[in-house]
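# Reading the structure
Spelled out, the chains give:
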Amino acid sequence: MTKTALITGITGQDGYYLSRLLLSKGYRVVGLIPPERRSSMAKLDELVEKVEFRAVDLTDAQILREVVAELQPDEIYNLAAPSFVPHSWNDPLGTLDLITGTATRLLAAVRQVGLSDRTRFYQASSSEMFGTVAESPQDENTPFRPKNPYAAAKLHAHWTMVHHRERYNLFACSGILYNHESPRRPPSFVTRKITLTAASIKLGYSNILEMGNLDAKRDWGYAGDYVEVMWRMLQADRPEDYVIGTGQLHSVRELVAMAFNCVDLDWQNYVEIDPKFLRSDEHFQLVANPTKARDNLQWQFQTDLSAIIEQMVSKDLQRIQLGQIEPIKTRG
Ligand code: GDP
């Protein structure tokens, strides 16, 4: 029997990799897209023809119920969120409604439509929920101390999911994911900003990379590895929550060095610090202890940071040369 997976946030980075994985496993994949963002379907590139879409307003509980009733999904992956964290300060309520509201409405829909015994639910949680970290590395027992509206909304969605699991016996899991990257990361994120600028400099369009804090550290993994564990969580015997990361901390400085190394340039000749990219609420020691995922789900990351950066730089060089994207054109 063909399984059906319903995905919110399908046009984002993780939506692409997850769709690709599920299609390769023979799933029917259906993505929910807000009607005003229909054109974003194109972001799925070669998968566009293979994935089905429903134009659905995620704030409309009635329509969500109808879609869930029609599709009777075996699995729901709730990935929808405005992913760039600093923007959540500009619209805290909108952030809450999209993140927490969507999770709450979808979970309610599963229950109200009578699919509590059938549909398995994945909630995309975030390491941002640990905020001002209480201990390092973090695991599933580390206290949450969110310190921005995005993280608070993610935490509310996480608890709503837990309540549905405990009160209504739903098979629902939360993946608490650390930063995960790929050539599909938007350039607002530091990895892609660096790889796109390094490629632009190599091709002669730019000669400067303006950065924030080079000493900031993160636990960076590969999006393609992380969607695999989302799927594994929903195939497990019991629904549980998992911290997902590499367990390795790297600095932004190392990222920059790796990217420039890929284009045979010395980063120190190009990087300047611009205070506008410094953050007042920087995280320290946000690093995963993914032991539980290793032990219960036999999952470990496959792609290390230098391989991710190499893939991103080479893709950016290729895209610029083929005229598929605009290079960064900054000349100091
Ligand atoms: P985040 O973990 O979701 O905030 O992911 P980002 O990729 O936006 O940022 C990762 C880290 O890189 C943060 O600690 C930033 O302070 C640091 N960083 C340093 N310079 C920059 C920059 O120019 N742009 C961005 N986005 N981040 C930077």
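Quick caveat: nothing in here was measured; it's all calculated off a predicted structure. Note on numbering: residues in each chain are counted from 1, in written sequence order. Given that this is a predicted model, residues contribute local features only at a pLDDT of at least 70 and side-chain atom pairs are listed and counted only at 80 or more, while totals for whole chains, interfaces and linings are drawn from all residues. The basis for the side-chain values is all heavy atoms of the structure; hydrogens and waters are excluded.

Under the DSSP-based scheme used, a helix requires at least four consecutive residues in state H or I and a strand at least two consecutive residues in state E, with every element numbered from the N terminus. In terms of helices and strands, the protein carries 9 helices and 13 strands. A radius of gyration in this sense is built from C-alpha atoms; the matching globule rule multiplies 2.2 Å by the number of residues raised to 0.38. In terms of C-alpha radius of gyration, the protein reaches 20 Å, essentially the compact-globule figure of 20 Å for 332 residues. Taking the principal axes of its C-alpha atoms as reference, the protein extends roughly 60 × 45 × 40 Å. In the protein, which comprises 332 residues, the share counted as buried stands at 54%. Restricting to contacts in the protein with at least 6 residues of sequence separation, those with at least 24 account for 79%. Relative accessibility under 20% of the residue-type maximum defines a buried residue, over 50% an exposed one, and the middle range a partly exposed one, all with a 1.4 Å probe and only protein chains included. Contact criterion: two residues are considered in contact whenever any of their non-hydrogen atoms come within 4.5 Å of each other.

Two elements in contact, helix α7 (residues 252-262) and helix α9 (residues 305-321), have axes whose closest approach is 9 Å; the angle formed by their N-to-C orientations is 50°. Comparing their axes, α9 and α7 come out oblique. In the packing of α7 onto α9, the handedness of the crossing is right-handed. Contacts between α7 and α9 involve L255, M258, A259 and C262 on the former and, on the latter, L305, S306, I309, E310 and V313. Angular values range over 0 to 180 degrees, each being the angle between N-to-C directions of two axes fitted as lines to C-alpha atoms, with helices fitted over their stretch in contact. Oblique is the label for any angle not under 35 degrees, not over 145, and not in the 65 to 115 range, which are roughly parallel, roughly antiparallel and roughly perpendicular in turn. Less than a right angle of anticlockwise turn of the near helix away from the far helix marks a crossing as left-handed, whereas a clockwise turn marks it as right-handed.

Taken domain by domain, the protein consists of domain 1 (4-177) and domain 2 (186-219 + 249-286 + 304-321). These domain boundaries are the output of an automatic or database domain assignment. One C-alpha centre belongs to domain 1, the other to domain 2, and the line joining them spans 29 Å. The partner domain 2 presents 10 residues to the 13 residues of domain 1 that form the contact. Buried area is understood as the total, over both parts, of accessible area removed when two parts are fitted together, assessed with a 1.4 Å probe. Each partner contributes to the roughly 930 Å² buried at the junction of domain 1 and domain 2, and carbon and sulfur atoms together form 51% of this total. Considering only the side of domain 1, the residues that lose the most area to domain 2 are F84, E128 and K147, jointly responsible for 44% of the buried surface there. Whenever Lys or Arg places a side-chain nitrogen within 4 Å of a carboxyl oxygen from Asp or Glu, that contact is recorded as a salt bridge. Connecting domain 1 to domain 2 are 0 salt bridges. N or O atoms within 3.5 Å of each other form a polar contact, as long as, within protein, one can give a hydrogen and the other can take it, and as long as residues adjacent in sequence are counted only when both atoms are side-chain atoms. Across the domain 1-domain 2 interface, the total number found is 2 residue pairs in polar contact (both at pLDDT 80 or more). All residues other than Ala, Val, Leu, Ile, Met, Phe, Trp, Tyr, Cys, Pro, Asp, Glu, Lys and Arg, Gly among them, are scored as polar; the first ten of these are nonpolar and the last four charged. The residue inventory of the side of domain 1 that touches domain 2, partitioned by class, reads 6 nonpolar, 5 polar and 2 charged.

Take the site of the ligand next. Any residue with a heavy atom lying within 4 Å of a molecule or strand is counted as near it. Around the ligand, the surrounding shell holds 15 residues, and the nearest of these are V190, K193, R218, R279 and E282. Separating an oxygen atom of the ligand from a side-chain N or O atom of N179 is a distance of 2.9 Å. Contact distances for the ligand include 2.6 Å between an oxygen atom and a side-chain N or O atom of R279. Methods summary: accessible areas were calculated by the Shrake-Rupley approach with a probe of 1.4 Å, and residue burial reflects only the protein chains presented. Contact with the protein chains hides 96% of the accessible area of the ligand, taken as 540 Å² for the molecule alone. Of the residues contributing to the shell around the ligand, the split by class is 7 nonpolar, 4 polar and 4 charged.

Turning to the packing of aromatic side chains, a few remarks are in order. Whether two aromatic rings pair depends on their centres lying within 6.5 Å, for rings of Phe, Tyr and Trp, where Trp uses its six-membered ring; planes under 30 degrees apart make the pair stacked, over 60 edge-to-face, and the rest tilted. Going through the model one piece at a time under the given rule, you end up with 8 aromatic pairs. Taking 5.5 Å as the distance between ring centres and 75° as the angle between the ring planes, the aromatic pair formed by Y226 and W299 counts as edge-to-face. In this pair, Y226 sits in helix α6 (residues 223-235) while W299 sits in the loop between α8 (291-297) and α9, placing the two residues 73 residues apart along the sequence. For W299, a relative accessible area of 4% puts it in the buried group. Relative to Y270, the ring of F260 has its centre 5.7 Å away and its plane inclined at 20°; by these criteria the two rings are stacked. Placement of F260 in helix α7 and of Y270 in the loop between α7 and β13 (271-273) is noted, with a sequence separation of 10 residues between them. Pair check on accessibility: F260 and Y270 agree, each one buried. Counting as a charge over the ring demands two things of the Lys NZ or Arg CZ atom: a distance within 6 Å of the ring centre and an angle within 35 degrees of the ring normal. One cation-aromatic arrangement involves K193 over F277; the distance from NZ or CZ to the ring centre is 3.3 Å.

Within the sequence span of α7, burial applies to V252, L255, V256, M258, A259 and F260. Close packing links the buried residues of α7 with α5 (190-202), β8 (209-211), β12 (250-251), β13 and α9. Count one or two residues on from α7 and you reach D264, which has phi positive near 55°.

This next bit is on the nonpolar core. With 65 residues, the main nonpolar core has L22, Y77, Y122, I244 and V256 as its most contacted residues. If one sorts the elements of this core by residue count, α6 sits on top with 8 residues. Taken domain by domain, the makeup of this core includes at least three residues from each of domain 1 (4-177) and domain 2 (186-219 + 249-286 + 304-321). In this structure, L22 is in contact with A5, I7, Y27, V29, E75, Y77 and W231, ignoring residues within four places of it in sequence. Only buried residues count toward a nonpolar core, which is a set of Ala, Val, Leu, Ile, Met, Phe, Trp, Tyr and Cys residues joined through side-chain atoms within 4.5 Å. If you look at the next biggest cluster of nonpolar residues, it comprises 21 residues, including L6, L58, V67 and A80.

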